[in-house]
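The chain contents come next:
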Amino acid sequence: IIMINRRAARLQEGEDIVKKHIWLLIIMQFMFGGLLSTFLIYYFRSGSISVSWPFLLLLIVAFAANEWLRDRYARVSFQITFLYLCVFSFSIFILPVIMNSIGPFIFLLSGLVSVVFLYLYLLLLKYFAKKAFAESKNILLVSLSGLFITINALYFFNIIPPIPLSIKDGQIYHSVEKIADGNYVVTQEKEQWTDFFKVYQEFRAVPGQPLYAYSAIYSPTKLNARIVHEWQFYDEVKKDWITNTRIPLSVFGGRGGGYRTYSQKNNYTLGKWRVNVQTDRGQTIGRIYFKVIFAAEKPALETEVKR
């Protein structure tokens, strides 16, 4: 960015900056594309699309703009806005790993780190490309402030995924039991190939039989967290999800396959249900959808060991 704007300042009026710096622009576009695609994958895996779609959409729009708006790269405001989005996204990811903690304080610290980094970078840009900086100062103030406020608002409305936590596995079972070697034995109905296309897993329950929500949550080494299994049912009259039970659980970091835990539900009704796997402040890591159907007798089950 500094090289492009420093050399652009030396060009005569009317010269095409894009043509003069085509290779520098291509390199910058390639780097931004790599960063944005990586962030998109990480944030996608760390949350539920139905909850986190506004933030994921922001990253998708930025990724698409990076691919299709190459002519805008000649503008320093466009370059710095992309840079700040990448720096802030990276700070949100890396600070919890370094501090072994997640939560509002760590997020605010991530924002502070990104602002300090960008401020120091803008001082460099001002020194090496004074003209470009002076011409774009007002636009930069508006665009960077807007981006900072937007990302903070998305976080405190629990829309940004609780990265670096991610759900590796989650399902409803007829039974879950921890065995001597530390693994879990689960029983489930035999799956049909058509189940892949169903949003709601059909669960044939015998009245009085409990339901088990199993989840495996990945967390980096030494990052221990509290999560919640929030059991909700869909009220067909109110056309809304109603919270029935919130069960707090603990997650310990360091296991590649995710830390395994489960909750049990004894009182339930027919109809659509979901279990929101959330942080203790309400950020959604994943969701398990299922539909309860009462059966006169227990259906044929198969056993699986969760390692």
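Coordinates for the structure precede this section.
What counts as what
Residues numbered from 1 in each chain as written. Predicted model: local features only at pLDDT ≥ 70, side-chain atom pairs only at ≥ 80, totals over all residues. Heavy atoms only, no water. Helix = DSSP H or I, 4+ residues; strand = E, 2+ residues; numbered from the N terminus. Rg over C-alpha atoms; globule rule 2.2 N^0.38 Å. Buried < 20%, exposed > 50% of the residue type's maximum accessible area, 1.4 Å probe, protein only. Contact = heavy atoms within 4.5 Å. Areas by Shrake-Rupley, 256 points an atom, 1.4 Å probe, with all protein chains shown as cover. Lys, Arg positive; Asp, Glu negative; His and termini not counted. Charge placed at Lys NZ, Arg CZ, Asp CG, Glu CD. Expected span 1.5 Å × (residues − 1). Bend = angle between axes of the 7 residues up to and from the residue. Axes fitted to C-alpha atoms, helices over the stretch in contact; angles between N-to-C directions. Left-handed = near helix turned anticlockwise from the far one by under 90°. Nonpolar A, V, L, I, M, F, W, Y, C, P; charged D, E, K, R; others polar. Pairing = 2+ DSSP bridges. Patch = residues over 30% accessible without salt bridge, like charges linked within 9 Å, V, L, I, M, F, W, Y side chains within 5 Å. Salt bridge = Lys/Arg side-chain N within 4 Å of Asp/Glu carboxyl O. Phe/Tyr/Trp six-rings, centres within 6.5 Å; stacked < 30°, edge-to-face > 60°. Lys NZ or Arg CZ within 6 Å of the ring centre and 35° of its normal.

Colleague: Explanation requested: the overall build of the protein in the structure shown.
Modeller: Of the regular secondary structure elements, the protein holds 7 helices and 11 strands. For the protein, the C-alpha radius of gyration of 24 Å lies well beyond 19 Å, the compact-globule estimate for 307 residues. When its C-alpha atoms are laid out on the principal axes, the protein stretches across 85 × 35 × 35 Å. Sorting the 307 residues of the protein into buried and exposed places 45% on the buried side. Taking as baseline every contact in the protein between residues at least 6 positions apart, the subset at least 24 positions apart corresponds to 72%. Accessible area of the protein: about 16,500 Å², with a carbon and sulfur share of 61%. Of the charged side chains in the protein, 34 are positive and 21 negative, and the gap between their average positions amounts to 9 Å.

Colleague: Can you walk me through helix H5 (residues 76–99) in this structure?
Modeller: Side chains that are three or four residues apart share a direction in an α-helix, a result of its 3.6 residues per turn. A rise of 1.5 Å per residue sets the reference length of H5, with its 24 residues, at 34 Å; its end C-alpha atoms lie 33 Å apart and thus fit the reference within 8%. A bend of about 25 degrees at Ile 92 is the largest found in H5, and the proline Pro 96 appears one to four places after it. Judged by how many residues are buried, H5 sits mostly within the fold: 17 of 24 residues are covered. Positioned one or two residues after H5, Asn 100 has a phi angle of 55 degrees, which is positive.

Colleague: What is the right way to look at the packing of helix H3 (residues 22–45) against H5 in this model?
Modeller: Contact geometry of H3 with H5 gives a least axis separation of 11 Å together with a crossing angle of 35 degrees. In this structure, H3 crosses over H5, and the sense of that crossing is left-handed. Here H3 contributes Met 28, Phe 32, Leu 35, Leu 36, Phe 39, Tyr 42 and Tyr 43 to the contact with H5, which in turn contributes Gln 79, Phe 82, Leu 83, Leu 85, Cys 86, Ser 89, Phe 90, Ile 92 and Phe 93. Of the residues that constitute the contact of H3 with H5, the class distribution is 14 nonpolar, 2 polar and no charged.

Colleague: Can you walk me through the pairing of strand E5 (residues 211–218) in this structure?
Modeller: The two faces of a sheet get side chains in turn, since along a regular strand they alternate between them. The element E5 is largely enclosed, with a buried count of 7 among its 8 residues. As defined by bridge partners, strand E1 (residues 166–173) adjoins E5 across 7 bridges and the pair is classed as antiparallel. Its bridge partner being in E5, Ile 172 is matched across the sheet by Ala 213.

Colleague: How should I be thinking about helix H6 (residues 104–128) in this particular structure?
Modeller: If you check H6, its first and last C-alpha atoms are 36 Å apart, about what 25 residues at 1.5 Å a residue would give, namely 36 Å. When we look at burial in H6, the residues that qualify are Ile 106, Phe 107, Ser 110, Gly 111, Ser 114, Leu 118, Tyr 121, Leu 122 and Leu 125.

Colleague: I keep staring at the environment of Thr 303 and nothing clicks. Help me out?
Modeller: With respect to the element layout, Thr 303 can be found in strand E11 (residues 301–306). A relative accessible area of 58% means that Thr 303 is categorised as exposed. Sequence separation between Thr 303 and Leu 56 is 247 residues; the distance between their C-alpha atoms is 37 Å. Thr 303 has contacts with Val 185, Val 186 and Thr 187, leaving out every residue within four places of it along the chain.

Colleague: Would you explain the sheet that holds strand E8 (residues 259–265) in this entry?
Modeller: The strands that make up a sheet pair up through hydrogen bonds in the backbone, lying either parallel or antiparallel. Strand order in this open sheet of 3 strands is E1-E5-E8, and the pairing throughout is antiparallel. Both edges of this open sheet fall to E1 and E8, since each of them pairs with a single strand only. Neighbour-to-neighbour, the strand axes of this sheet turn through a mean angle of 15 degrees, independent of strand direction.

Colleague: I would appreciate a short explanation of the sheet that holds strand E4 (residues 201–205) in the present structure.
Modeller: Spatially, 5 strands are ordered E4-E10-E9-E6-E7 in an open sheet, and the strand pairing comes out mixed. Two strands in the sheet have a free side with no partner beyond their single neighbour: E4 and strand E7 (240–251). For this sheet, the mean angle separating the axes of adjacent strands, direction not counted, is 25 degrees.

Colleague: I'm lost on the environment of Gly 34 in this one. Help?
Modeller: With respect to the helices, strands and loops of the structure, Gly 34 is situated in helix H3. Given the relative accessible area of 33%, Gly 34 is considered partly exposed. With 100 residues separating them in the primary sequence, Gly 34 and Ala 134 have C-alpha atoms 29 Å apart.

Colleague: I'm lost on a nonpolar patch on the surface in this one. Help?
Modeller: A surface patch of nonpolar side chains, amounting to about 590 Å² of accessible area, comprises Phe 44, Ile 49, Trp 53, Leu 57, Ile 60 and Val 61. With 5 residues, the top contributor of residues to the nonpolar patch is helix H4 (residues 49–68). Tracing the chain through its elements places Phe 44 in helix H3. When its relative accessible area of 45% is taken as the criterion, Phe 44 is described as partly exposed.

Colleague: When you look at the packing of aromatic side chains in this model, what are you seeing that I'm missing?
Modeller: For any pair of aromatic rings, geometry is given as the distance between the ring centres together with the angle between the planes. Scanning the entire structure with this criterion turns up 23 aromatic pairs. Here the aromatic rings of Tyr 184 and Tyr 262 are separated by 6.1 Å at their centres, their planes lie at 80 degrees, and the arrangement is edge-to-face. Linking Tyr 184 in strand E3 (residues 184–189) with Tyr 262 in strand E8, this pair joins segments that are 78 residues apart in sequence. Among the residues examined, Tyr 184 registers a relative accessible area of 7% and is labelled buried. Put simply, the rings of Tyr 84, Phe 88, Phe 107, Phe 148, Tyr 155 and Phe 156 touch in pairs and so form one group of aromatic residues. Between the NZ or CZ atom of Lys 272 and the centre of the ring of Tyr 234, over which it lies, the distance is 6.0 Å.

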